[in-house]
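# Descriptive analysis of the structure
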Amino acid sequence: MGRTRQAAGEAGKGCDGYFSFFSFLLYFMRFLPGWETTFRLPLGEVLSIIRPFHPRLGASMTQKKLTGAEIRQTFIDFFVEQKHTFVPSASLVPGGDSTLLFTNAGMVQFKDVFLGTDKRPYTRAVNSQKCMRVAGKHNDLEDVGRDDFHHTFFEMLGNWSFGDYYKKEAIAWAWQLLTEVWGLPKDKLYATCFKDEKGTIPADEDAAEIWKQQPGFDPSHVLFFGRKENFWEMAETGPCGPCSEIHIDRGEEFDNLAGKPHRCGVNGECTRFLELWNNVFIQYNRSGPDSLEPLPATHVDTGMGFERIVSVLQGVDSNYKIDLFQGALEAVRALTGDSVEQMYANFTPYRVIADHARAASFLIADGVVPGNVGRNYVCRMIIRRAARFGTKLGLREPFLAKVGEAIIAAYGDFYPELEKNRQPILDNLRREEIRFARTVESGTAFLQGLLDELKKSGQKVLDGRKAFDLYATYGLPFEIARDIAREEDLEVDEAGFRAGMEEHRLASGGGKAMGKLGGEDAEFYAGVLKGLQKAGELGPEGVAHNPYEWMQVEAPLLALAADGELLTEVDAGDRVEVLLPKTGFYVESGGQVSDTGSIRAADGSWEIEVDEMRKPSAGVIVHVGEVVFGHPKAGDPAIASVDAARRHDIMRNHTATHLMHAALHQVLGEHARQAGSLVAPDRLRFDFNHPEAMTPEQIERVERLVNEAVAADMLVMPNLKAREEAIAEGAMALFGEKYGETVRTITIAPESETDRHSYELCGGTHLERTSDVGVFLIVSESSAAAGVRRIEAVTGRGAYELIARRFKAIKQAAAALKSAVDEVPARVETLQNELAAARKQIAAFKTELALSTFNVQLSSVQTVNGVHLLVWEFPGADKDTLGQLADKFREKYPQNGVCVIGAVDGEQVIVMAAVTQDLIKRGIRAGDLAGHVSRQLGAGGGGAPHLAFGGGKDAAKLPAALASVRSWLEGKIK
RNA sequence: GGGGAUGUAGCUCAGCGGGAGAGCAGCGCCUUUGCAAGGCGAAGGCCACGGGUUCGAAUCCCGUCAUCUCCA
């Protein structure tokens with residue numbers, strides 16, 4: 001436990017903490033006999049005693065206290081000493097689990113171990129897991145920061161037993177760590193155990209008994225609770241069991257409901273009693289609502305909220321007052337100029353900002369950048385909410401990057417991904433704040449319009465639905481809308497807003513984005529595997545798999561199955577799942593698609609075409625396909641062959657993907673990390689983080705760099721090594737991927753591994769030399785999500801096809817242009833310019849011609865009751881020309897003029913009517929006139945009073961229609 | 001995945017069934033000038049793309065794409 005007892009002389013480093021050893025001492029003194037009567041102080045006074053020793057208030061601090069980092073480390077060290085393997089925190093993005101938005105508990109990365117579909121080289125594990133809880137009944141984003149205990153992001157300390165130790169050890173260690181290592185007072189700790197209120201599941205007397213045996217444990221502190229508190233289930237079915245929680249009584253001064261009637265006790269309502277640690281004992285498998293079966297192997301899964309235990313050990317009344325948050329809070333305080341007292345008096349915005357800046361920093365470090373879908377959207381909302389609370393503190397300029405710096409400083413040592421991604425974190429925070437400011441600005445403009453209308457109508461309350469529309473459409477949050485309204489002495493109807501939100505939620509809920517859950521037949525195949533292992537047909541590792549070397553294997557059909565049933569024989573046309581003792585077929589992983597191929601009888605009597613590969617359970621790989629001919633029977637000797645040409649195309653695309661990843665880093669920077677990948681035979685698709693569209697030059701450079709790497713004929717070398725080692729060497733690991741302890745790395749290098757061109761963790765199949773890629777061509781660069789760009793590219797055969805097709809097109813173009821291929825672009829440009837000029841000229845000529853003809857026509861103007869009337873049919877005139885003629889007419893007859901011109905342009909008949917301003921006042925409108933004429937042509941017409949158009953398809957009726965203008969006018973003038 | 005909004009001159013936008021506009025920037029000329037500026041003029045547009053409705057679509061309808069935004 002050397003780390004916990006740091007020498008006084010080293011206290012300088014400890015100064016980033018908030019509370020001194022003195023406060024630590026004070027806290028525990030409270031548990032001493034007689035404390036309550038002799039030295040009882042409310043928290044505020046305790047703080048005032050402590051404050052002189054606060055490092056930032058100037059007092060020298062020479063004494064030692066336990067920092068958050070040290071608490072985390074003592075936990076890990078303690079269990080490592082008990083032969084646990086330290087497993088680093090998994091990414092916040094759960095690998096291979098589409099049902100989960102974020103890793104939300106320590107056991108997420110071990111879920112498959114409990115389910116039996118994954119195996120680990122260790123049976124005891126300890127870690128501190130990064131978790132996010134942003135939605136659900138326990139945590140609504142809007143509530144985080146309003147109290148002292150909720151977080152979006154938090155750490156979960158945990159120790160695990162996979163079929164190894166059980167209750168006895170787990171409880172003893174928990175007790176030892178809490179009381180001996182961390183020194184918590186034994187008489188203040190309580191343990192809860194399970195007792196079924198329905199009486200159908202046996203009570204956990206074992207755990208209760210073990211608790212009573214712990215040294216110094218008060219036997220009366222064992223309490224029993226029912227299913228809600230003390231029975232843990234992963235899902236409707238699957239592993240489950242009773243759990244035992246450890247609670248602490250912090251004393252009356254932590255009772256936030258003191259004086260009010262409430263349930264004050266373990267699992268009560270106030271904050272005096274806190275749950276510290278949950279130990280889950282997995283001993284059953286639930287196969288239905290009423291059926292529990294004992295598991296052959298029992299497991300332990302524990303979880304202790306890190307921030308909470310730190311707050312208890314540091315003796316503070318808020319998770320946000322632990323040392324790890326102080327840097328972030330200070331960063332905000334430096335900007336607002338608040339004193340510590342002022343900050344505590346208005347703590348909510350500070351808490352929100354500290355929490356959200358931390359969550360966003362960790363998210364971005366794990367590749368979740370602000371965006372408008374899925375996880376990225378959550379990241380955006382968190383940043384925007386922090387920014388919103390910043391404005392409550394008067395912070396107008398982007399400020400979160402400063403808080404992010406503090407977070408990186410506090411957590412970077414234990415979570416190196418923060419330090420490694422410093423720049424992307426700070427950039428993304430800042431960029432998102434700016435983006436938010438922009439949407440708020442435009443939303444505010446719309447809101448102002450609504451408020452002005454409201455004031456005009458003399459009302460005081462803005463319709464909540466309108467406010468919601470503003471939110472849904474322009475992203476203007478309710479609170480901001482309300483604040484702005486209040487500045488003008490107006491209100492926003494909140495109930496209406498909520499109603500609008502609810503409607504919107506229902507309207508949007510229709511499209512479920514749930515992937516298929518999978519795992520339905522996990523149990524079936526686990527059973528099949530066990531049977532085959534028992535019969536000696538499969539080894540302990542299950543199906544042997546080597547997609548790197550075995551393009552063709554000879555083996556008997558171990559099992560045939562369909563719809564979760566074993567079959568002995570199948571017929572042509574049947575869809576069937578085939579289990580072989582070994583296979584070289586690649587199973588989709590890391591973006592590379594599964595292999596296809598065939599399984600044939602050794603004697604040629606039947607064949608199955610394989611089009612899908614599955615891994616339903618640990619150690620089981622099945623080929624899925626259709627029987628082409630014959631009657632395959634279980635046990636038949638067979639030959640399984642991967643479609644080699646297709647596989648080769650895939651390998652070209654996979655190696656090219658690595659080369660492109662490296663080229664993107666070179667051209668765009670380190671932030672351009674993989675965010676998704678598809679490696680198919682005909683193309684590759686690669687998503688990566690990048691805030692803006694690539695320029696054509698950048699795309700060209702990437703393409704060129706990849707082709708240069710291809711031409712350099714570099715070696716592609718796979719290697720197996722320990723994950724830690726590979727990562728320490730700088731191998732690129734991907735987020736959302738699950739890696740075992742031993743990983744496969746792919747090095748692309750000219751000669752030796754020391755001069756690497758590319759180095760990634762990758763389980764995919766690759767070429768031996770880069771030159772085998774052939775040609776690499778980028779087909780498109782587009783947006784996949786905000787902040788994520790997508791490149792599609794082709795190689796080898798696909799690239800040849802593309803080149804051939806493009807080349808043919810350009811040759812045809814060159815031939816048509818009667819120019820050399822290289823001169824096509826220049827030639828096209830010249831032609832375009834010439835065409836534009838010619839068009840302009842033609843238009844000018846047409847107008848000129850029309851005007852000169854029209855000039856002649858102007859002499860034939862009739863006079864109807866003193867009004868100048870020109871009715872004319874002008875073949876071939878278009879609309880533009882007619883408009884100009886109208887101008888010409890009004891130039892000549894600025895008053896008392898009516899002009900109607902009909903034109904036949906192809907099949908189209910156009911009628912234009914123009915009237916001078918003075919006649920409009922007398923009720924003669926061009927629109928009416930155009931309508932009158934057009935109706936006779938079987939169509940409508942209309943327009944402005946001074947100029948209108950109409951038309952029709954029947955040219956033969958035009959003369960008669962035009963002739964009717966005179967009488968129409970006579971009727972109007974009277 | 002679903003709902004809403006927006007794509008018009010280099011930029012910011014107006015127009016929202018009848019002849020494509022404004023401000024700013026850029027260009028030319030003029031005036032003025034310590035700096036700033038002012039005046040005049042010309043240029044600049046497949047009104048995102050593809051269908052449809054209509055005599056007529058930037059404008060209405062449908063689809064596609066892109067951007068913004070909300071809900072999952």
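The sections below set out a description of the structure shown in this document. Counting restarts for each chain: residues are numbered from 1 in the order of the written sequence. Naming scheme: in the order in which they are written, chains are lettered from A and ligands are numbered from 1. In keeping with the predicted nature of the model, local features appear solely for residues at pLDDT of at least 70, side-chain atom pairs appear and are counted solely at 80 or more, and the whole-chain, interface and lining totals rest on all residues. As a rule here, side-chain values come from all non-hydrogen atoms in the structure, and water together with hydrogens is ignored.

### Focus on the pattern of salt bridges
Just to be clear on terms, a salt bridge is a Lys or Arg side-chain nitrogen sitting within 4 Å of an Asp or Glu carboxyl oxygen. In the structure shown here, the tally under the stated rule is 40 salt bridges. The partner of Asp-611 in a salt bridge is Arg-575, with the nearest N and O atoms 3.0 Å apart. Of this pair, Asp-611 sits in strand S19 (residues 607–617) while Arg-575 is found in strand S16 (residues 575–579), placing the two residues 36 residues apart along the sequence. Of the charged contacts in the structure, one is a salt bridge between Arg-647 and Asp-595, with a shortest N-O distance of 2.6 Å. One end of the pair, Arg-647, is in helix H22 (residues 644–668); the other, Asp-595, is in the loop between strand S17 (582–583) and strand S18 (597–601), with 52 residues separating them in the sequence. Comparing Arg-647 with Asp-595 shows no difference in burial state: the two are buried. Segments assigned H or I by DSSP are reported as helices when at least four residues long, segments assigned E as strands when at least two residues long, and all are numbered from the N terminus. Residue exposure (1.4 Å probe, protein chains only): buried if accessible area is under 20% of the type maximum, exposed if over 50%, otherwise partly exposed.

### Here we look at the packing of aromatic side chains
Stacked, tilted and edge-to-face pairs are distinguished by plane angle, under 30 degrees for stacked and over 60 for edge-to-face with tilted covering the rest, among Phe, Tyr and Trp rings (Trp via its six-membered ring) whose centres lie within 6.5 Å. The tally for this structure, following the rule as stated, stands at 33 aromatic pairs. Ring centres 6.1 Å apart and planes at 25° place the aromatic pair Phe-686 and Phe-688 in the stacked group. Among the aromatic residues, those joined into a ring-pair cluster are Phe-75, Phe-78, Phe-79, Tyr-165, Trp-173 and Trp-277. Only when the NZ atom of a Lys or the CZ atom of an Arg is both within 6 Å of the ring centre and within 35 degrees of the ring normal do we say a charge sits over the ring. Seen from the ring of Phe-414, Arg-72 lies directly overhead, with NZ or CZ sitting 4.5 Å from the centre. Sitting over the ring of Tyr-548, Arg-744 keeps its end group 3.5 Å from the ring centre.

### Regarding a nonpolar patch on the surface
A patch consists of residues whose relative accessible area exceeds 30% and which take part in no salt bridge; residues with like charges are grouped when within 9 Å of each other, and nonpolar side chains (Val, Leu, Ile, Met, Phe, Trp, Tyr) when within 5 Å. Here the Shrake-Rupley method, with its probe set to 1.4 Å, supplies the accessible areas, and only the displayed protein chains count as covering residues. Together, Val-775, Ile-803, Phe-807 and Ile-810 make up a nonpolar patch on the protein surface, roughly 290 Å² of accessible area in all. You can see Ile-810 is positioned in helix H25 (residues 796–817). With a relative accessible area of 32%, Ile-810 lands in the partly exposed category.

### A short note on the pairing of strand S2 (residues 124–132)
Working note: regular strand, side chains alternate between the two faces of the sheet. By the criterion of burial, S2 is predominantly enclosed, with 9 of the 9 residues buried. Here S2 shows no split at all, with Arg-124, Val-126, Ser-128, Lys-130 and Met-132 on one side and Ala-125, Asn-127, Gln-129 and Cys-131 on the other all buried. The pairing criterion is simple: DSSP has to find at least two bridges between the two strands. Note: strand S1 (residues 85–86) against S2, 2 bridges, orientation parallel. Along S2, the bridge assignment pairs Thr-85 with Ala-125. The sheet contact formed by S2 and strand S3 (residues 153–162) spans 9 bridges and is antiparallel. Paired with Asn-127 across the bridge in S3 is Gly-158.

### What to know about the nonpolar core
By size, the foremost hydrophobic cluster in this structure holds 95 residues, and its most contacted members are Phe-75, Met-132, Trp-182, Trp-277 and Ile-309. The element that contributes the greatest number of residues to this core is helix H13 (residues 347–365), accounting for 12 residues. Taken domain by domain, the makeup of this core includes at least three residues from each of domain 1 (12–321) and domain 2 (330–507). With sequence-adjacent residues up to four places away left out, Ile-309 is seen in contact with Ile-71, Leu-157, Leu-178, Trp-182, Leu-184, Leu-276 and Met-304. Take the buried Ala, Val, Leu, Ile, Met, Phe, Trp, Tyr and Cys residues and link them wherever side-chain atoms come within 4.5 Å; each set so joined is a nonpolar core. Residue ranges assigned to each domain were obtained from an automatic or database domain assignment. Note on definitions: a residue-residue contact is assigned when non-hydrogen atoms from the two residues lie within 4.5 Å.

### Structural notes on the protein's contact with RNA strand B
Every one of the 39 residues lining RNA strand B counts as a neighbour, but Tyr-377, Arg-380, Arg-384, Arg-505 and Gln-908 are closest to it. Nearness is defined per residue: one heavy atom within 4 Å of the molecule or strand is enough. Expressed as a percentage, the sugar and phosphate content of the atoms of RNA strand B within 4 Å of the protein is 54%. A distance of 3.1 Å is found between a base nitrogen of RNA strand B and a backbone nitrogen or oxygen belonging to Gly-943. Secondary-structure elements contributing two or more residues to the surface near RNA strand B are helix H14 (374–392), helix H17 (422–456), helix H18 (464–474), helix H20 (494–508), helix H27 (879–892), strand S33 (941–943) and strand S34 (947–952). Each residue receives one of three labels: charged for Asp, Glu, Lys and Arg, nonpolar for Ala, Val, Leu, Ile, Met, Phe, Trp, Tyr, Cys and Pro, and polar for the others, Gly being one of them. Residues that form the surface near RNA strand B fall into these classes: 11 nonpolar, 19 polar and 9 charged. Here a polar contact is recorded for every N or O atom pair within 3.5 Å, except that within protein the pair must consist of a potential hydrogen donor and a potential acceptor, and residues adjacent in sequence are included only if both atoms are side-chain atoms.

### Quick look at the side chain of Glu-245
Of note, Glu-245 is situated in strand S7 (residues 238–249). The charged side chain of Glu-245 is buried without a salt bridge, its nearest counter-charge being Arg-308 at 8.6 Å. For Glu-245, the side chain forms a polar contact with the side chain of His-247, separated by 3.0 Å. Discounting residues that sit within four places of it in the chain, Glu-245 has contacts with Tyr-190, Ala-191, Thr-192, Glu-229, Asn-230, Asn-267, Glu-275, Trp-277 and Asn-278. His is not counted, nor are the chain ends, whereas Lys and Arg count as positive and Asp and Glu as negative.

### Overview of helix H15 (residues 400–411)
For H15, spanning 12 residues, the distance from its first C-alpha to its last is 16 Å, which sits close to the expected 16 Å at 1.5 Å a residue. Taken residue by residue, H15 has Leu-400, Val-403, Gly-404, Ala-406, Ile-407, Ile-408 and Tyr-411 as its buried positions. Multiply 1.5 Å by the residue count of a helix minus one, and that product is the helix's expected span.

### Comments concerning the environment of Gln-82
Relative to the assigned elements, Gln-82 resides in the loop between helix H5 (68–81) and S1. Gln-82 has contacts with Arg-124 and Trp-173, leaving out every residue within four places of it along the chain.

### Notes on the environment of Ala-354
Relative to the helices and strands, Ala-354 resides in helix H13. Judged by its relative accessible area of 1%, Ala-354 falls in the buried class. Residues Ala-354 and Gly-145 lie 209 residues apart in sequence; the distance between their C-alpha atoms is 8.7 Å. Ignoring anything within four residues of it in the chain, the contact list for Ala-354 reads Phe-325, Ala-328, Leu-329 and Ile-407.

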